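Structural overview
Now for the letters of each chain:
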Amino acid sequence: MRDKDIEKILRNLRAGFYTVIILGLLEKHGPLYGYKIQLLIKQLSNQALNPSESTIYETLKNLEKNKLIRSYWAESSLGPPRKYYEITEKGLNTRELLKKEVKKIMETINKIS
């Protein structure tokens, strides 16, 4: 069992990566709604990453606040209208910068390991 301090460190680490992952999903798949983003992250990670609904929506809120994504409501044939999110030009540029930064970090970690 992990202690609370380690859990907090892991949550913070994942939160940063969720930003990169969500921007990538929106770039690759086009507009998506929050629950679909959550499912794709779980699927792509073979269930290793399991972000909570609140984590997804908090990340989306921050991305929208920084104008990296925008949202709109659309009707759904499966139920009530859904809020969709799409990446902006600023989001695309930011994603490229983030990918380069993650690559540098991973290269450094791999040199240590």
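That block above? That's the structure.
Since this is a predicted model, take the numbers as computed values, not measurements.

It is worth spelling out unusual backbone geometry at this point. Within the chain, Asn46 stands out as a residue other than glycine whose phi angle is a positive 55°. With respect to the helices and strands, Asn46 occurs in the loop between helix H2 (34–44) and helix H3 (53–65). One non-glycine residue, Gln47, lies in the positive phi region at around 70°. Note on placement: Gln47 falls in the loop between H2 and H3. The class of Gln47 is exposed, set by a relative accessible area of 54%.

Attention shifts here to the packing of aromatic side chains. The tally for this structure, following the rule as stated, stands at two aromatic pairs. Each residue in the set Tyr33, Tyr72 and Tyr84 is aromatic and connected to the rest through ring pairs, giving one cluster. Across the ring face of Tyr33, the terminal group of Arg82 is positioned such that the distance to the ring centre comes to 4.1 Å.

Here the focus is the packing of helix H1 (residues 4–29) against H3. Viewed as axis vectors pointing N to C, H1 and H3 meet at an angle of 75°, and their least axial separation amounts to 10 Å. Taken together, the axis directions place H1 and H3 in an arrangement best described as roughly perpendicular. Along the contact surface, H1 presents Tyr18, Thr19, Ile22 and Leu23, while H3 presents Thr55, Ile56, Thr59, Leu60 and Leu63. Here the residues of the contact of H1 with H3 are counted per class, giving six nonpolar, three polar and no charged.

An order of E1-E3-E2 is seen for the three strands of this open sheet, with the pairing classed as antiparallel. The open sheet has two free edges, formed respectively by strand E1 (32–33) and strand E2 (69–76), since each of these has just one partner strand. Summarising the sheet, E2 and strand E3 (residues 79–87) pair through seven bridges and their orientation is antiparallel. Looking at E3, one finds that Ser76 is bridged to Gly79.

Moving on: the pattern of salt bridges. In this structure the tally under the stated criterion is six salt bridges. The partner of Glu27 in a salt bridge is Arg95, with the nearest N and O atoms 2.6 Å apart. Here Glu27, found in helix H1, pairs with Arg95, found in helix H4 (residues 89–112); they are 68 residues apart in sequence, far enough to count as distant. As a salt-bridge pair, Glu86 and Arg70 come within 2.9 Å of each other at their nearest N and O atoms. Here the residue Glu86 occupies a position in strand E3, and Arg70 occupies one in strand E2, the gap between them amounting to 16 residues. With relative accessibility at 23%, the residue Glu86 sits in the partly exposed group. Judged by relative accessible area, which is 42%, Arg70 ranks as partly exposed. A cluster of three or more residues bridged by salt bridges with shared partners is formed by Glu27, Arg95, Glu96 and Lys99.

What counts as what
- Residues numbered from 1 in each chain as written.
- Predicted model: local features only at pLDDT ≥ 70, side-chain atom pairs only at ≥ 80, totals over all residues.
- Heavy atoms only, no water.
- Helix = DSSP H or I, 4+ residues; strand = E, 2+ residues; numbered from the N terminus.
- Buried < 20%, exposed > 50% of the residue type's maximum accessible area, 1.4 Å probe, protein only.
- Phe/Tyr/Trp six-rings, centres within 6.5 Å; stacked < 30°, edge-to-face > 60°.
- Lys NZ or Arg CZ within 6 Å of the ring centre and 35° of its normal.
- Axes fitted to C-alpha atoms, helices over the stretch in contact; angles between N-to-C directions.
- Parallel < 35°, antiparallel > 145°, perpendicular 65-115°, else oblique.
- Contact = heavy atoms within 4.5 Å.
- Nonpolar A, V, L, I, M, F, W, Y, C, P; charged D, E, K, R; others polar.
- Pairing = 2+ DSSP bridges.
- Salt bridge = Lys/Arg side-chain N within 4 Å of Asp/Glu carboxyl O.

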